[in-house]
Every structure is written in structure tokens, then in C-alpha cells.
Amino acid sequence: MKNPILRDQRFMKHALFLAKKALLQDEIPVGAVLTLDNHIIGEGYNHSIAQCDPSAHAEILTLRQAGQKQQNYRLLNTTLYVTLEPCLMCFGALMHARVKRLVFGALDAKFGSITNYFDKLNLNIFNHKLEWEGGCLANDCSMLLKEFFLTKRKQTNDYTDTKTLI
């Protein structure tokens, strides 16, 4: 696909599809897709709750799958599409894997490593430079997360209200 904006939107839509799979499993709805030469080589969505694994983020699972497929822990010349700005753990994994480019949807004001720390980190210590872009289909990505957390809060409040009645 020659138009880079349309290409990014196409892969982000697939990441959103994966995020919705996470939502159906009552996981935080984050999906990720890793591409090489405009072909998907890895994909995943959050499984932290189901796997009782704090590292089972969409990005990490996607990198693991791609590494197995490529038979290499270095994922050179790849682009990661993820519906939520990566946390510091996932940023570190992207750097170790040598992912070339990151495209994310929703900003993460609390834990996002790119917009919160990227400028503050002394990135000259790394021998790898990560290109990044935020805000691809940001509204769709944000709405999915907002709806998930609103539902969770409502369930918590409903439970609390019921307990106080007993």
C-alpha cells in the first residue's frame, strides 16, 4: 500500500480487532500487530489477567510470536501497531528487539513511556533509535478503553452498593 496513512490505519484497525478480543475475555482491551514489509508477522492482545502474568501485554506477546516466526530475537525493519501507548516495560522490549517504528493509537497519560518519558530519557545511551507516531485512530482506541473502564467502575460500584445493603 503506497499511502502510509491508509497503511497505518489498516494495521491499526486489525490491532483494534484484537483489542476487542481482549475485551471479550475481560482483559484490558489492547491489541498489537507487528509488520515486516507490510505483512503481519506477529499479533496479540492483553492476557495479563487470564495468564496471571504482569508481562503478558499485547506488545510483548506480539514480539514473542514474531520472534518465533522469524527465528530471531532481533526484529529489524519492523513496525509495531498498538492501540495504546506502550508502557516502560514494552518500550524496553521494543528497543531490545530493534523494532524500527512504533505507531500507537491512544495516549496513556499515566503509564505511557513515549509521551511521558521519551524526551526525558537519555536516549543517547541506546545504540538503537525508535521512530514513533502517536494518535493513529486515537478516538476509536480511546473509546474502547474508556468504555471498558467505565463498565469496570460501574460493576465495582454496584458490588459496593449491594454490600452496604446487607
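It should be emphasised that the depicted structure is a prediction, and the values quoted were computed from it without experimental measurement.

**Describing the overall build of the protein**
Summing up its helical and strand segments, the protein has six helices and five strands in all. Counting helices and strands in the order they occur from the N terminus, the protein gives α-β-β-α-α-β-α-β-α-β-α. For the protein, the C-alpha radius of gyration of 17 Å lies close to 15 Å, the compact-globule estimate for 166 residues. With the C-alpha coordinates of the protein rotated into their principal frame, the extents come out at 60 × 35 × 30 Å. For the protein, buried positions account for 45% of its 166 residues. Considering only contacts within the protein whose residues lie at least 6 apart along the sequence, 59% involve residues at least 24 apart. Counting every atom, the protein has about 9700 Å² of accessible surface; 57% of that belongs to carbon and sulfur.

**Points about the nonpolar core**
Counting residues in hydrophobic clusters, the biggest one holds 42 residues, and the most contacted among them are Met12, Leu34, Leu63, Leu80, Val99 and Leu102. If you list the elements that add at least two residues to this core, you get helix H1 (4-24), strand S1 (31-36), strand S2 (39-45), helix H3 (58-70), strand S3 (78-84), helix H4 (88-97), strand S4 (101-106) and helix H6 (138-165). A total of seven residues in this core trace back to one element, the largest contributor, which is H1. Ignoring anything within four residues of it in the chain, the contact list for Leu80 reads Ala32, Val33, Leu34, Glu59, Thr62, Leu94, Val99, Arg101, Leu102 and Val103.

**Notes on the environment of Gln68**
Tracing the backbone through its elements, the reader meets Gln68 in helix H3. The sequence separation of Gln68 and Ser55 amounts to 13 residues, and the corresponding C-alpha distance is 17 Å.

**Describing the side chain of Thr35**
Structurally, Thr35 can be placed in strand S1. Those residues in contact with Thr35, other than ones at most four positions away along the chain, are Phe11, Ile40, Ile41, Asn77, Thr78, Thr79 and Tyr81.

**Thoughts on the packing of H3 against H4**
Relative to each other, H3 and H4 sit at 20°, their axes nearing to 9 Å. It follows from the interaxial angle that H3 and H4 lie roughly parallel. Considering how the two elements wind past one another, H3 and H4 form a crossing that is left-handed. On the side of H3, the interface is formed by Glu59, Ile60 and Leu63, while H4 contributes Met89, Cys90, Ala93, Leu94 and Ala97. Looking at the contact of H3 with H4 residue by residue, the class counts come to seven nonpolar, no polar and one charged.

**Description of the sheet that holds S1**
Hydrogen bonds between backbone atoms are what pair the strands of a sheet, whose relative direction is either parallel or antiparallel. On the basis of which strands lie adjacent, the open sheet formed by five strands has the order S2-S1-S3-S4-S5 and mixed pairing. Edge strands, defined here as strands with exactly one partner in the open sheet, are S2 and strand S5 (131-134). Between one strand axis and the next, the sheet turns through 15° on average, direction left out of account. Where S3 and S4 come together, five bridges link them in parallel fashion. Paired with Val82 across the strands is Phe104, a residue of S4.

What counts and how
Throughout this document, residue positions are counted from 1 along each chain, in the order its sequence is written. Local features in this predicted model are restricted to residues whose pLDDT is 70 or higher, and side-chain atom pairs enter the listing and the counts only when it is 80 or higher, whereas totals over whole chains, interfaces and linings include all residues. Hydrogens and waters are ignored; side-chain quantities use all the structure's heavy atoms. Numbering of helices and strands runs from the N terminus, with a helix taken as a DSSP run of H or I at least four residues long and a strand as a DSSP run of E at least two residues long. Here the globule rule reads 2.2 Å times residues to the power 0.38, and the radius of gyration is calculated from C-alpha atoms. Whether a residue is buried, partly exposed or exposed follows from its accessible area with a 1.4 Å probe, protein chains only, as a fraction of its type maximum: under 20%, in between, or over 50%, in that order. Residue contacts are counted whenever heavy atoms from the two residues lie within 4.5 Å of one another. Per-residue accessibility takes into account occlusion by the displayed protein chains alone, with areas from the Shrake-Rupley method and a 1.4 Å probe. Residues belong to one nonpolar core when they are buried, are Ala, Val, Leu, Ile, Met, Phe, Trp, Tyr or Cys, and are joined through side-chain atoms within 4.5 Å. Only the contacting stretch of a helix is used when fitting its axis, a line to C-alpha atoms as for every element, and angles between N-to-C directions run 0 to 180 degrees. Here the word oblique covers every angle except those under 35 degrees (roughly parallel), over 145 (roughly antiparallel) and from 65 to 115 (roughly perpendicular). Helix crossings get a hand from a simple test, with the near helix turned counterclockwise from the far one by less than a right angle marking a left-handed crossing and a clockwise turn marking a right-handed one. Note that Gly is not counted as nonpolar here; it falls among the polar residues with everything else outside the nonpolar set of Ala, Val, Leu, Ile, Met, Phe, Trp, Tyr, Cys and Pro and the charged set of Asp, Glu, Lys and Arg. Two strands are counted as paired when DSSP detects at least two bridges linking them.

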